[in-house]
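# Overview (structure and organization)
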Amino acid sequence: MKKLGTIIFVVGLIFIGMGDSFLPKPLSTISRQTRTSINQSLLGLMPNPKIRKPSEQHDAEVTEMEERVKGNRDQLVDEPNK
């Protein structure tokens, strides 16, 4: 009974994890949908840190850097000490 449970568990993990890459069409769709719903459920349990999209974060950093540099263009390159 223990071996049967282990086999079912392993087959289930393979089905959910990689089933959409090698199974025929109806089963691959079910595998993908199952994985997506499990991911959404697990993400719903986590607290929502205020993570922005990488593109938005990059744009904000570029804007911040441009604002810091705006008035100091002549001071960007340090002159060597004499």
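Since we're looking at a predicted model, the values are computed, not measured. (Residues numbered from 1 in each chain as written. Predicted model: local features only at pLDDT ≥ 70, side-chain atom pairs only at ≥ 80, totals over all residues. Heavy atoms only, no water.)

### Digging into the overall build of the chain
A count of helical and extended segments in the chain gives 3 helices and 0 strands. If you list the helices and strands of the chain from N to C, you get α-α-α. Each of the 82 residues in the chain was classed as buried or not, and the buried ones make up 4%. Split by element, the accessible area of the chain, about 7900 Å² in all, is 62% carbon and sulfur. (Helix = DSSP H or I, 4+ residues; strand = E, 2+ residues; numbered from the N terminus. Buried < 20%, exposed > 50% of the residue type's maximum accessible area, 1.4 Å probe, protein only. Areas by Shrake-Rupley, 256 points an atom, 1.4 Å probe, with all protein chains shown as cover.)

### Considerations on the confidence of the model for the chain
The predicted model of the chain has a mean per-residue pLDDT of 82, with 79% of residues at 70 or higher. Looking at the elements of the chain, mean pLDDT is at its lowest for helix 3 (residues 54-69), recorded as 83, and at its highest for helix 1 (residues 2-22), recorded as 92. (pLDDT = per-residue confidence, 0-100.)

### A short note on the side chain of Ser 28
Structurally, Ser 28 can be placed in helix 2 (residues 25-45). Judged by relative accessible area, which is 6%, Ser 28 ranks as buried. Within the structure, Ser 28 has its side chain in polar contact with the backbone oxygen of Lys 25 (distance 3.0 Å). Ignoring anything within four residues of it in the chain, the contact list for Ser 28 reads Gly 19, Asp 20 and Leu 23. (Polar contact = N/O pair within 3.5 Å; in protein donor to acceptor, adjacent residues only side chain to side chain. Contact = heavy atoms within 4.5 Å.)

### Observations regarding the packing of helix 1 against helix 2
The relative placement of two packed helices is expressed as an angle between their axes plus a distance between the axes. Contact pair helix 1 / helix 2: the axes reach a minimum separation of 7 Å and the direction vectors enclose 130°. Comparing the axis directions of helix 1 and helix 2 gives the class oblique. Like other packed secondary-structure pairs, helix 1 and helix 2 cross with a definite hand, here left-handed. Contacts from Phe 15, Ile 16, Gly 17, Met 18, Gly 19 and Asp 20 of helix 1 reach helix 2 at Leu 27, Ser 28, Ile 30, Ser 31, Arg 32, Thr 34, Arg 35 and Ile 38. (Axes fitted to C-alpha atoms, helices over the stretch in contact; angles between N-to-C directions. Parallel < 35°, antiparallel > 145°, perpendicular 65-115°, else oblique. Left-handed = near helix turned anticlockwise from the far one by under 90°.)

### Topic: a nonpolar patch on the surface
Nonpolar side chains collect at one region of the surface, where Phe 9, Val 10, Leu 13, Ile 14, Met 18 and Phe 22 lie side by side and expose about 600 Å² of accessible area between them. Structurally, Phe 9 is set in helix 1. Under the relative-accessibility criterion, Phe 9 is labelled exposed at 55%. (Patch = residues over 30% accessible without salt bridge, like charges linked within 9 Å, V, L, I, M, F, W, Y side chains within 5 Å. Salt bridge = Lys/Arg side-chain N within 4 Å of Asp/Glu carboxyl O.)

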